[in-house]
Each structure stands twice: as C-alpha cells, then as structure tokens.
Amino acid sequence: TTFIYLSYVSKKNFLSLFVSAIPISYILGNFILNLNILFIIIFGLINYIQGFRFKFLNIDKIVIFFFVYILFTSVWNTIEINYSNSNLNNYYILNKSILFLRYLFLYFTMRLLVENKLIDYKIIFYSYSVIVSFVSIDIIFQFFNSKDLLGFTSPYLHKHTGPFLDEAIAGGFIQRFSLFIFYTFIMFASFKNIASKIYLLSLIFFILSISIIFSGNRMPL
C-alpha cells in the first residue's frame, strides 16, 4: 500500500512539473512549447491506457464542436482557394487547423488528469505565479534600464519584450497567466487579517497592470 501511494505521489508530481513548465515553454519558443504539450498528451494517453477515465460532459461536446467547426471552415477555405486558381496548391490554412487539433487533445488530457487528481494544483499555481512575477518585474526593469534582468534589450522603440527577446508578446503573456497569482493567494496563502490579503492583491494587480503598460501591448491591457 505504501509503495502504491509513493508511486501515485511520484506520478502526480511528475505530471505537475510538465504542466507547470507551460509558461517557461511559452517563453523559450514555439518548438519547446509544442514539445512540452506533446509530452503532456503522451502522458495522458499512457494514463488512459492504464485505465484512468473521466465523465464526458456537455462542455466537452461544445469543445469538440468548436474544433470540428474550425476544421470544417479550413477545409472549405482551402477548397475555395484552390478552386479559384487551378494552378495554386495552397494547404497552409488546412495544415494549421490540423495542427491546432493538438489543443483538443491537450484539453482532454487535462480533463483526465484533473478528474483523476493526477496533478498537484499547488505546484502548478505557485510555479505559474513565480514565472509571471518574474516576467512582470523583468519588463519594469527593462523599461527603466533599457536591459532586462537577463541583459536582453528590446529591438522595438516603444515596446519592451523582456525575456521574449524579439517578440513583443510580454503583455499578452502576463495577461493570460496573471490570473493564477490571484488564485494562489486566495486558495493557498493564509492571512489572519483579511485586509492584508486585500492590500497584497491590490499591490500585485498594480504591478501587473504597470508591467503590461510598460510592455507596450495595448490589447492585453
């Protein structure tokens, strides 16, 4: 029984680390991000083969419909493009849509891991919070010092990229993953005084907002 429990904990931590690496993979580039997603999907498939299942819900049907719709429109657009020009063989849209299906597999992998309690939320939320905090501070530091904490400079005149080098996507990154910081403090941090938690969350919100402004990305703000 002890061995089974230790194996379960080890698997849980192992899978949690791969899920926790998604923001870092995002920073390192599309190849690393897609590789990490592939590993997560493979581990989910392994667990499915081992007998883990999840209850199929209506929201799952909606997600499937969404991806089928994307695939259908891409097939239709590809037919239109190639039909209007018989000398043209353009399958770029279709290929992109087929590759986009990896997120459908990722969705069901996460559904499997979550429902079977195969991931540790604490590890994921804390790691996401640390990474987003670093990127936010890095952007603010680069705004005032031209170079970020890693010594990188932004190639843009009015945008600051931080660890993303020549990609002006820091604001979008902060906006997407910042939600985890707030829930980390709400769910895991213990404060005897509720006012202290409110002040801290307000400070975090201010820092995140400033970093998005300094990044130069208007839409995330």
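If you're wondering where the values come from, they're calculated on a predicted model, not measured in any experiment.

Some remarks on the pattern of salt bridges
At step 1: Applying the stated rule across the entire model yields 2 salt bridges.
At step 2: The closest approach of N and O atoms between Asp 60 and Arg 111, which form a salt bridge, is 3.0 Å. Residue Asp 60 is located in helix 4 (residues 58–84), and its partner Arg 111 is located in helix 6 (residues 102–115); the two are separated by 51 residues in the primary sequence. Each of the two residues, Asp 60 as well as Arg 111, counts as buried.
At step 3: For Glu 115, the salt bridge identified is with Arg 111, shortest N-O distance 3.0 Å. Here the residue Glu 115 and the residue Arg 111 both occupy positions in helix 6, the gap between them amounting to 4 residues, near one helical turn.
At step 4: For Arg 111, a relative accessible area of 14% puts it in the buried group.
At step 5: One continuous salt-bridge network, built from bridges that share partners, spans Asp 60, Arg 111 and Glu 115.

Digging into the environment of Leu 38
At step 1: Assignment of secondary structure puts Leu 38 in helix 3 (residues 30–49).
At step 2: With a relative accessible area of 44%, Leu 38 lands in the partly exposed category.

Section: unusual backbone geometry
At step 1: The phi angle at Ser 146 is positive, at roughly 70°, despite the residue not being glycine.
At step 2: Its location among the elements puts Ser 146 in the loop between helix 7 (121–145) and helix 8 (170–177).
At step 3: The phi dihedral of Leu 165 falls on the positive side, at around 60°, and the residue is not glycine.
At step 4: Summarising the element assignment, Leu 165 is placed in the loop between helix 7 and helix 8.

Here we look at the packing of aromatic side chains
At step 1: One pass over the full model with this rule turns up 28 aromatic pairs.
At step 2: Taking the centre distance of 6.4 Å and the plane angle of 90° together, the rings of Tyr 26 and Phe 164 count as edge-to-face. With Tyr 26 in helix 2 (residues 22–28) and Phe 164 in the loop between helix 7 and helix 8, this residue pair connects regions lying 138 residues apart in the sequence.
At step 3: Note on Phe 164: relative accessible area 3%, which makes it buried.
At step 4: By the ring-pair criterion, three or more aromatic residues cluster together here, those being Tyr 26, Tyr 121, Phe 125, Tyr 126, Tyr 128, Phe 164, Phe 173, Phe 177, Phe 180 and Phe 188.
At step 5: The cationic tip of Arg 53 hangs over the ring face of Tyr 48; the distance from NZ or CZ to the ring centre is 3.8 Å.

Some thoughts on the packing of helix 7 against helix 8
At step 1: At their nearest, the axes of helix 7 and helix 8 sit 10 Å apart, and the two run at 145° to each other. Crossing hand, helix 7 versus helix 8: left-handed. Contacts from Tyr 128, Ile 131, Val 132, Val 135, Ser 136 and Ile 139 in helix 7 reach Ala 170, Phe 173, Ile 174 and Phe 177 in helix 8.

Thoughts on the nonpolar core
At step 1: In terms of nonpolar packing, the biggest core is built from 32 residues, with Val 19, Ile 22, Val 132, Val 135, Phe 173, Ile 174 and Leu 208 touching the most fellow members.
At step 2: Listed by contribution, the elements that provide at least two residues to this core are helix 1 (2–20), helix 2, helix 3, helix 6, helix 7, helix 8, helix 9 (179–187) and helix 10 (194–215).
At step 3: A total of 7 residues in this core trace back to one element, the largest contributor, which is helix 7.
At step 4: Setting aside chain neighbours within four positions, we find Ile 22 in contact with Leu 33, Asn 36, Ile 40, Tyr 128 and Phe 177.

Let's talk about helix 7
At step 1: With 25 residues, helix 7 should cover 36 Å at 1.5 Å per step; its first-to-last C-alpha distance of 36 Å lies within 8% of that length.
At step 2: Taking the backbone nitrogen of Lys 122 as reference, a side-chain oxygen 2.9 Å away marks Asp 120 as the first, capping residue of helix 7.
At step 3: In the stretch just after helix 7, Ser 146 is the one whose phi turns positive, near 70°.

Focus on the packing of helix 7 against helix 9
At step 1: Packing of helix 7 against helix 9 brings their axes to within 8 Å, and their N-to-C directions diverge by 130°. Classed by the angle they form, the pair helix 7 and helix 9 counts as oblique. Note on packing geometry: the crossing formed by helix 7 with helix 9 is left-handed. On the side of helix 7, the interface is formed by Phe 125, Tyr 126, Tyr 128, Ser 129, Val 132 and Ser 133, while helix 9 contributes Phe 180, Ile 181, Tyr 183, Thr 184 and Met 187.
At step 2: A breakdown of the residues in the contact of helix 7 with helix 9 according to their chemical character gives 8 nonpolar, 3 polar and no charged.

Reading guide: rules and limits
Residues numbered from 1 in each chain as written. Predicted model: local features only at pLDDT ≥ 70, side-chain atom pairs only at ≥ 80, totals over all residues. Heavy atoms only, no water. Salt bridge = Lys/Arg side-chain N within 4 Å of Asp/Glu carboxyl O. Helix = DSSP H or I, 4+ residues; strand = E, 2+ residues; numbered from the N terminus. Buried < 20%, exposed > 50% of the residue type's maximum accessible area, 1.4 Å probe, protein only. Phe/Tyr/Trp six-rings, centres within 6.5 Å; stacked < 30°, edge-to-face > 60°. Lys NZ or Arg CZ within 6 Å of the ring centre and 35° of its normal. Axes fitted to C-alpha atoms, helices over the stretch in contact; angles between N-to-C directions. Left-handed = near helix turned anticlockwise from the far one by under 90°. Contact = heavy atoms within 4.5 Å. Core = buried A, V, L, I, M, F, W, Y, C linked by side-chain atoms within 4.5 Å. Expected span 1.5 Å × (residues − 1). Polar contact = N/O pair within 3.5 Å; in protein donor to acceptor, adjacent residues only side chain to side chain. Parallel < 35°, antiparallel > 145°, perpendicular 65-115°, else oblique. Nonpolar A, V, L, I, M, F, W, Y, C, P; charged D, E, K, R; others polar.

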